[in-house]
Amino acid sequence: MSTFKIDEFRRDARTLNMSAAQYFSSSSSGVTGSLPLAARPSKNLRDLVSYETTGFRDESAVNYTREIALQASASRAAGSTDISQLIDSYVSSSKSLSRADQRSTVVFSPKLFCFDPAVASFATGSDYSMRSAAKRFISGTLVPFYSPNNQGKYLAAGNYFSLNFFTSSAVPSDTALVFPDFVLPYSYTFSRGLTIDLHINPRYTTDEEGAGFRAGVIAQSPGNYCLSLVTGSNTGGDGRPSGYRLVLALSHSADVTPSSIDLSVANGSRAFPQDLVYVSDDNSLNRNAWHHVSVGWSPLHNNGTGSFFVDGVEKGIFSLSSSSFAGTASPGCLVVGNYLLSSADGSRFFNSAAAADEGIVENPAFASGDPTPGFSHPLNAEIHSLKVYRRYINQLEREANAASDSALPEPDLVFYMPPYFLHESPTRRFPVSLDTKVTKTTTAVLNRDLMFSCGGRDVNLESFARNVAKFGLDTAYPRLYNLTASLSGADTSADFNSGFYGIASNRKRNLTALPCDDGTFRLTYSSIASIPATTGSMLSRKGALDYSTLSMTGLTNEYPATSPIVVSTTNNNPTGQAPTDEATGGGYYSTQYFTQDTFLLFGTLIDLPMMTYGHKVADKSFQVIDNAITGSGDKVRISFRDDGKNGLYRADASTQLATWNTQGLLFNNEGVGILLAPTIPFYSKHGWTCEYQTDASAHVFSMDVVIPAGAANVSQNKTYSRFPPTNRADERANDFVYIDTINVHDENLNVIARAALAQPFLKRPDESVVFRVKLDF
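Quantities reported herein were computed from a predicted structural model and do not represent experimental measurements.

### Looking at the overall build of the protein chain
Scanning the protein chain from N- to C-terminus turns up 10 helices and 40 strands. Across the protein chain, the fraction of contacts at a sequence separation of at least 24, relative to all contacts at a separation of at least 6, is 72%. For the protein chain, the exposed surface amounts to about 34,600 Å²; the carbon and sulfur share of it is 51%.

### Some remarks on unusual backbone geometry
The amide bond that connects leucine 184 to the next residue, proline 185, takes the cis arrangement and shows omega of -10°. By the secondary structure assignment, proline 185 is in the loop between β11 (176–181) and β12 (194–201). Backbone torsion omega between phenylalanine 272 and proline 273 reads 10°, so that peptide bond is classified as cis. Within the secondary structure, proline 273 is located in the loop between β15 (243–250) and β16 (277–279).

### Focus: the pairing of strand β14 (residues 225–231)
Counting buried positions over the 7 residues of β14 gives 7, a clear majority of the element. Here β14 shows no split at all, with Tyr225, Leu227, Leu229 and Thr231 on one side and Cys226, Ser228 and Val230 on the other all buried. The sheet contact formed by strand β13 (residues 216–221) and β14 spans 5 bridges and is antiparallel. In the sheet register, serine 221 faces β14, and the bridge partner there is tyrosine 225. Connecting β13 to the antiparallel partner β14 that follows it, the hairpin turn spans 3 residues, and glycine 223 within it adopts a positive phi of roughly 80°. Where β14 lies against β15, 7 bridges are found, and the strand directions are antiparallel. When the bridges of β15 are listed, serine 228 appears paired with valine 247.

### Structural notes on the environment of valine 295
Considering the arrangement of structural elements, one finds valine 295 in strand β18 (residues 291–297). When the C-alpha positions of valine 295 and valine 310 are compared, they lie 8.6 Å apart, and in sequence the two are 15 residues distant. Not counting the four nearest positions on each side in its chain, valine 295 is found in contact with Leu194, Thr195, Ile196, Leu227, Leu246, Leu248, Ser307 and Phe308.

### Observations concerning the confidence of the model for the protein chain
Averaged over the protein chain, the pLDDT score is 83; the fraction of residues at 70 or greater is 79%. Taken as a whole, residues 118–126 scores under 50 in pLDDT and shows 17 contacts with residues more than four places along the chain or in a different chain. Note that pLDDT drops below 50 for residues 560–569; the model gives that stretch 29 contacts with residues more than four away or on any other chain.

### Quick word on the side chain of serine 406
By the element assignment, serine 406 lies in the loop between α6 (395–403) and β23 (413–417). Within the structure, serine 406 has its side chain in polar contact with the side chain of glutamate 410 (distance 2.7 Å).

### Thoughts on the pattern of salt bridges
The final tally for this structure, using the stated rule, is 27 salt bridges. Between aspartate 458 and arginine 509 there is a salt bridge; the shortest N-O distance is 2.8 Å. Pair noted here: aspartate 458 is in the loop between α7 (448–454) and β26 (479–481) and arginine 509 is in helix α9 (residues 504–509), with a separation of 51 residues, a long-range link. Of the residues examined, aspartate 458 reaches a relative accessible area of 0% and is grouped as buried. The partner of aspartate 652 in a salt bridge is arginine 637, and the shortest N-O contact between them spans 3.2 Å. A residue pair is termed long-range when its members are at least 10 positions apart, and aspartate 652 in the loop between β33 (647–650) and β34 (662–667) and arginine 637 in the loop between β31 (623–626) and β32 (638–642) qualify at 15 residues. Residue arginine 637 is classed as partly exposed on the basis of its relative accessible area, which comes to 35%. A single network of salt bridges, built from pairs that share partners, joins Arg203, Glu382, Asp517, Arg637, Arg650 and Asp652.

### Overview of the sheet that holds strand β37 (residues 698–707)
One open sheet holds the 3 strands; their spatial order is β1-β37-β40, and the pairing between them is antiparallel. On the outer flanks of this sheet lie β1 (11–16) and β40 (769–776), each paired with one strand and no other. Along the sheet, successive strands turn relative to each other by an average axial angle of 20°, direction set aside.

### Considerations on the environment of isoleucine 680
With respect to the element layout, isoleucine 680 can be found in the loop between β35 (672–675) and β36 (689–695). Under the relative-accessibility criterion, isoleucine 680 is labelled buried at 4%. Linking isoleucine 680 and isoleucine 638, residues 42 residues apart in sequence, is a C-alpha distance of 9.1 Å. Each residue touching isoleucine 680, except ones within four places of it in the same chain, is listed here: Arg457, Leu514, Pro515, Ile629, Ile638 and Phe640.

### Focus on the packing of aromatic side chains
Under the definition given, this model contains 27 aromatic pairs. Between the aromatic rings of phenylalanine 179 and phenylalanine 415, the centroid separation amounts to 4.8 Å while the plane-to-plane angle is 85°, which identifies the pairing as edge-to-face. Pair noted here: phenylalanine 179 is in strand β11 and phenylalanine 415 is in strand β23, with a separation of 236 residues, a long-range link. Put simply, the rings of Phe24, Phe622 and Tyr692 touch in pairs and so form one group of aromatic residues. Above the ring of phenylalanine 309, the side-chain terminus of arginine 398 is found at 3.8 Å from the ring centroid. Over the ring of phenylalanine 682 we find lysine 685; its NZ or CZ atom is 4.8 Å from the centre of that ring.

### A word on the environment of serine 109
Within the secondary structure layout, serine 109 lies in the loop between β7 (107–108) and β8 (111–115). Residue class for serine 109 comes out buried when judged on its relative accessible area of 8%. Residues serine 109 and serine 26, spaced 83 residues apart in sequence, show a C-alpha to C-alpha distance of 9.7 Å.

### As for the pairing of β23
Among the 5 residues that make up β23, 5 are buried, leaving the element largely enclosed by the rest of the structure. Judged from the 4 bridges that link them, strand β22 (residues 381–389) and β23 form a sheet pairing that is antiparallel. If you follow leucine 386 over to β23, its bridge partner there is methionine 417.

What counts and how
Here the residue index of a chain counts from 1 through its sequence in written order. Two thresholds apply to this predicted model, a pLDDT of at least 70 for residue-level local features and 80 or more for giving and counting side-chain atom pairs, whereas whole-chain, interface and lining totals are computed over all residues. The side-chain values count all of the structure's non-hydrogen atoms but skip hydrogen atoms and water molecules. Strands here are runs of E lasting at least two residues and helices are runs of H or I lasting at least four, both read from the DSSP assignment and numbered beginning at the N terminus. Contacts are residue-level and defined by heavy atoms, with any inter-residue pair within 4.5 Å sufficient. For every accessible area listed, the method is Shrake-Rupley and the probe measures 1.4 Å; residues are considered covered only by the protein chains on display. Exposed residues in this analysis have more than 50% of their type's maximum accessible area, buried residues have under 20%, and partly exposed residues fall in between, with area computed by a 1.4 Å probe over protein chains only. A strand pair is defined by DSSP finding two or more bridges across the two strands. Confidence of the predictor at the level of single residues is captured by pLDDT, which takes values from 0 to 100. For the purposes of these results, a polar contact is taken to be a pair of N or O atoms within 3.5 Å, where, inside protein, one atom must be able to donate a hydrogen and its partner to accept one; residues adjacent in sequence count only when each atom of the pair is a side-chain atom. What makes a salt bridge here is a side-chain nitrogen of Lys or Arg within 4 Å of a carboxyl oxygen of Asp or Glu, nothing more. Only the stretch in contact is used when a helix axis is fitted, and all axes are lines through C-alpha atoms; the angle between N-to-C directions ranges over 0 to 180 degrees. For Phe, Tyr and Trp, where Trp contributes only its six-membered ring, two rings pair if their centres lie within 6.5 Å, and the inter-plane angle classes them as stacked under 30 degrees, edge-to-face over 60, or tilted in between. Either the NZ atom of lysine or the CZ atom of arginine qualifies as a charge over a ring when it sits within 6 Å of the ring centre and within 35 degrees of the ring normal.

Here's what the structure looks like:
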């Protein structure tokens, strides 16, 4: 045995990047792209064991096939040479009574499944146990371990949302946010200037090529102004509209239905009653792209000239003399997301019955009954940060609105709907079971009484839509027309969500506030900085006030574990007694008793098998898509990507994305994640697709082991004898050794690797040999 030092010039280390793209798609027939347990499974291998049920052999099948085999053996012993019929019977019976070998059926593929807080009926099930264990692993191990390196991400969702307006066969089209404006002085009328400022994404188009796209209204003050979204002339590769433009109608022209406006007529050339209709340049906005829009006019600006600004660029001008403008006597309301027909009295939306039920301002002139005719032009787009000024704002103000939210008050700002959740809401009637409502206020993102008693999903939309320019006043709250939580009470056999989602308005309510992916806009939360924190829903993990995140673990309080079980609703009994929570009597939810959890969590768990990604999921490569969110009628598509720092953010827009608006967690090394977005119920429930890059890098370390002449010529074998290696006449060596193993040592002479030669190498004393050793790891 000899020892040699390998200097650095004879060592070489390389890393081979063997990354590969993985794609999986879920449907009712399974997951495409799944990896089988066996690389090349045989279709002919059969198994008499039922792995899907008991895991034991089917003895009847074993006995039957054994009997046929014995008959064949007996027939042959009797001298018969034709046993083909018995063999055919044996093969056919074996195939019919057995099943495919498990190596042909066991596959590895990602799994995504909704995680609801356990209720009494699910608390002891194996499915719940698995999900609960995954939740505890994420919350108790992964989150604390990675927190120092991932910007402190924990079980929370970013507080940055957009309002989603869409139409489909599964949801009503006569929905709107209706703000009161029937008491003098009227809030939203104007005469000496107007600016409507917002961020908008025309995310939707026609359902099929050649179909018509109906004009949709962004904001309307009846008899005063109406800002609408219509299509332009551009079409995408799918043949459907991809360009859009804006239409502003003022004074009496605001009572002209948007779909009846002739867009081909130049501004200033239309006849009465469309003489005050103005259209922006063609294709001013693009499909699925976030744009900052600011439309303004004032008689003091350029002799009564108004402008359309899109992303800071002027996209159309119009002229309006102050003498030609006259506002309405009583607009009654400000409508967001739809168009109220001119003959309707908007103040009727706030009749006494609606005010008592929804906690909005009351118009005592009407006891009940909504205005007719109603709405006719629903918006198909996402918006956020909608502002209305009673003046023309300047360029610096437009640039500030494009970049971030603003502090209050602002001069002549009469309406501002910011893009975040507020931890207070009107005192109203809302459901706590499938047939029961109570009257109180809410401070959380979701209806906790439903979530933690029977797994019901009801987004508190009231906390996302309000006019903060009037914060603290009852006129700040809108009427959520056809968007309140409704109950039928008819289906008592189904679980809560089956009955709740059976109502079309509930489906649309739960998809109206979505995580925002507009990355050109950054929040400071300055408009709510003065609001006191009254709930844990806006607290950080350490209890400090944090407007930017919504904690998903502080929605319930701890409870005395020795107390009796509270009688409450469950998934199997959705019409049971309403639960009692800490806000109404110091009680607790039945879920807490059965699970003994210190906090209750919900969302969608993500499980990626290691066989599909190797060492880790490559950073910033993971994307998951739900192409048809539950309740949207295949209209709403939402995708999420990982930010490379254990976070998941929404990634649907074609423009710059809000990578910092974390809506979930993904731990790339473990292939485990959880989507926490609270306003997207049942994400991935009916199907999903996901893709990611694998990181299965291989490190290759090669060494040249040089054995010089005169070295390694002595064997330690006790039977070693000196004699020539061959008996040929030209042989000059008198002895030799066989080299069969090379050991690699560290500086302390510990063996760290060993290379065994396939065949011993014969070395003569005067020979110099080089062995190249490679280590793969």
